[in-house]
Amino acid sequence: SLQAWRWLFLLIGLTGSSLLLNEVFLGGARSGVLYREGYENWSVAIVGVIVASILLSALGTQKRVLENLAPPAPSGTLREQARQIRLTLMNPSLGALILAGIIGGVATGMTANLNVYIWTHVWSLTPRQFGWIAPMTGLGSVVAVLLAPALGKRFGKKRTMISIFVASAAMSAGPLFLRLIGVMPPNGSPLILPILMLDAALAATLGIVGYILAASMTADIVEDAAVRSGARSEGLLYAVQGLIGKFAGGFGAFTAGMMLTVVHFPTHALRGSVDPAIVRHLIEIYLPASLVLNLIAIASLGLYRIDRATHERNLQTLRAAALAKEAHVVEAASSGEAPAPSFRPL
């Protein structure tokens, strides 16, 4: 549930900033997405919102953290800490999510950096028009917040996530595939924008459900890693996840740039000025690359091994270990001896 709400507010921020950029700062510019000053003014306007969000998030959780979490006990020598890190990172389920995150992140980064080219030169949309595609992602996040927990409980997180990601990848590729085979309406048709908005809403809903479940599955690894290593590693797991996202997104941007170079896409090209053969060539390279990367990432998720029964068993093991440790501490205190650790990892 926490991951679902996190994604909701994340996409509210993305939607709002996208509308502000495309509707206000680029919408009235004749050069559209090439209006450099628009980006500069937008960055100044949005930075205050970013800082305020960070401060509210940090300050708003301080009291809850202090009330509910005791400071962790020292985890031993540097060698012991290195051993715990090694055991955590060697978790097979974590490896599956890392592999899927890297490959899927490259596909996501590639798409994010090519979207402006696709909207402008494939669909011939203005910034004000494609600025309304982003709110469909926000709408999808609201629906996903309600769907993800219910679907995960009903069908299991892993099976639901894999099925949802396959459907999302198919939806995302749909309009470009239909354009290649000549089924989509021609540019300038009033149907183009509604079709793209509907497709974005459906693909976003499916994709965000998958991402919420993936984040929840990362949280489940915490208990699994604790059983294996004897220590909780939330900080390590989420730090690895964040680093992978940045690395994969950056490599995806690099890949997008390479595609534009391969097709000899002209720099500073205005809407409607690019040779249709170049635009088609870009689609023919991007579409299969995106689909293959997404399908490999989805297949990697099949290596994730923690199901509901395993997670419940891990929780029971950790509860039993905590009770044994508590009893040992009480016994040691009554006898005047220093307590020793009573729980060893498997």
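Residues numbered from 1 in each chain as written. Predicted model: local features only at pLDDT ≥ 70, side-chain atom pairs only at ≥ 80, totals over all residues. Heavy atoms only, no water.

### Section: the overall build of the chain
How we decide: By definition, any uninterrupted DSSP run of H or I lasting at least four residues is a helix, any uninterrupted run of E lasting at least two residues is a strand, and each is numbered from the N terminus. Accessibility here uses a 1.4 Å probe with only protein chains present; expressed as a share of the type maximum, an area under 20% marks a residue as buried, one over 50% as exposed, and anything in between as partly exposed. For this analysis, residues touch if any pair of their heavy atoms sits within 4.5 Å.
Regarding its fold elements, the chain presents eleven helices and zero strands. Listing each helix as α and each strand as β along the chain from the N terminus yields α-α-α-α-α-α-α-α-α-α-α. By its C-alpha atoms, the chain is 85 × 40 × 35 Å across when sized along the principal axes. Among the 346 residues that make up the chain, the fraction classed as buried is 38%. Taking the intrachain contacts of the chain between residues at least 6 apart in sequence as the baseline, contacts between residues at least 24 apart amount to 79%.

### Description of the pattern of salt bridges
The condition that has to hold: By definition here, a salt bridge exists when the distance from a side-chain nitrogen of Lys or Arg to a carboxyl oxygen of Asp or Glu is within 4 Å.
Tallied over the full model, the rule gives four salt bridges. The residue Glu40 makes a salt bridge to Arg36 at a minimum N-O spacing of 3.3 Å. With Glu40 and Arg36 both in helix H2 (residues 36-68), this residue pair falls four residues apart, about one helical turn. Classification of Arg36 as exposed rests on a relative accessible area of 61%. As a salt-bridge pair, Lys157 and Asp220 come within 2.8 Å of each other at their nearest N and O atoms.

### Points about the nonpolar core
Just so we agree on the cut-off: Residues enter a nonpolar core if they are buried and are Ala, Val, Leu, Ile, Met, Phe, Trp, Tyr or Cys, with the set joined through side-chain atoms within 4.5 Å.
By size, the foremost hydrophobic cluster in this structure holds 33 residues, and its most contacted members are Leu114, Trp123, Leu125, Ile133, Leu176 and Phe265. Elements with a minimum of two residues in this core: helix H4 (92-122), helix H7 (157-180), helix H8 (192-229), helix H9 (234-262) and helix H10 (276-300). Among residues more than four places away in sequence, those in contact with Ile133 are Trp119, Leu125, Leu193, Leu196, Met197 and Ala200. Within the second largest apolar cluster, 28 residues are counted, among which are Val145, Ala148, Ile221 and Leu237.

### A word on the packing of H7 against H8
The criterion, for reference: In this analysis, axes come from line fits to C-alpha atoms, helices being fitted only over the stretch in contact, and the angle between any two N-to-C directions falls in the range 0 to 180 degrees. Put simply, angles under 35 degrees are roughly parallel, angles over 145 are roughly antiparallel, angles from 65 to 115 are roughly perpendicular, and the rest are oblique. In a left-handed crossing the near helix is turned counterclockwise from the far helix by less than a right angle, and in a right-handed crossing that turn is clockwise. Under the convention adopted here, Pro, Cys and the residues Ala, Val, Leu, Ile, Met, Phe, Trp and Tyr are nonpolar, Asp, Glu, Lys and Arg are charged, and Gly plus all remaining residues are polar.
At a closest axis distance of 8 Å, the pairing of H7 and H8 adopts a crossing angle of 155 degrees. What the angle tells us is that H7 and H8 run roughly antiparallel. Every pair of crossing elements has a handedness; the one defined by H7 and H8 is left-handed. Looking at the contact of H7 with H8, its residues break down into 16 nonpolar, six polar and five charged.

### What about the packing of aromatic side chains?
Put simply, the test is: Stacked, tilted and edge-to-face are the three classes applied to pairs of Phe, Tyr and Trp rings, where Trp contributes its six-membered ring and a pair requires centres within 6.5 Å; stacked means planes under 30 degrees apart, edge-to-face means over 60, and tilted covers the rest.
The tally for this structure, following the rule as stated, stands at three aromatic pairs. Ring centres of Phe165 and Tyr211 lie 5.3 Å apart, and the angle between their planes is 70 degrees; on these two criteria the pair is classed as edge-to-face. With Phe165 in helix H7 and Tyr211 in helix H8, this residue pair connects regions lying 46 residues apart in the sequence. Residue Phe165 is classed as buried on the basis of its relative accessible area of 14%. Overall, Tyr211 belongs to the partly exposed group, its relative accessible area being 34%. Relative to Phe254, the ring of Phe251 has its centre 5.9 Å away and its plane inclined at 40 degrees; by these criteria the two rings are tilted. Of this pair, Phe251 and Phe254 both sit in helix H9, three residues apart, which is roughly one turn of the helix. According to the relative accessible area criterion, Phe251 is partly exposed, its value standing at 40%.

### Some remarks on the environment of Gly210
Mapping Gly210 onto the fold places it in helix H8. We classify Gly210 as buried; its relative accessible area is 0%. For the pair Gly210 and Gly105, spaced 105 residues apart in sequence, the C-alpha to C-alpha distance is 13 Å. If sequence neighbours within four positions are ignored, Gly210 has contacts with Met161, Ile164 and Phe165.

### So, the confidence of the model for the chain
Applicable threshold: Per-residue confidence from the prediction method is given by pLDDT, with values spanning 0 to 100.
On average, the chain scores 84 in pLDDT, and the residues at 70 or more come to 90%. Per-element averaging of pLDDT across the chain places helix H11 (residues 308-335) at the bottom with 76 and H10 at the top with 95. Confidence over residues 341-346 falls short of pLDDT 50; this stretch has 15 contacts with residues more than four positions distant or in other chains.

### Some words on the environment of Leu11
Summarising the element assignment, Leu11 is placed in helix H1 (residues 2-25). Between the alpha carbons of Leu11 and Ser141 there is a distance of 6.6 Å; along the sequence they are 130 residues apart.

### What to know about the side chain of Asn91
Operational definition: Polar contacts, as counted here, are pairs of nitrogen or oxygen atoms within 3.5 Å of one another; within protein the pair requires one atom able to donate a hydrogen and one able to accept it, and residues that are adjacent in sequence qualify only if both atoms are side-chain atoms.
Relative to the elements of secondary structure, Asn91 occurs in the loop between helix H3 (78-89) and H4. Asn91 sits in the buried class, given a relative accessible area of 1%. A distance of 2.9 Å separates a polar side-chain atom of Asn91 from the backbone nitrogen of Ser93. Setting aside residues up to four positions removed in sequence, Asn91 forms contacts with Ile221, Asp224, Ala225 and Arg228.

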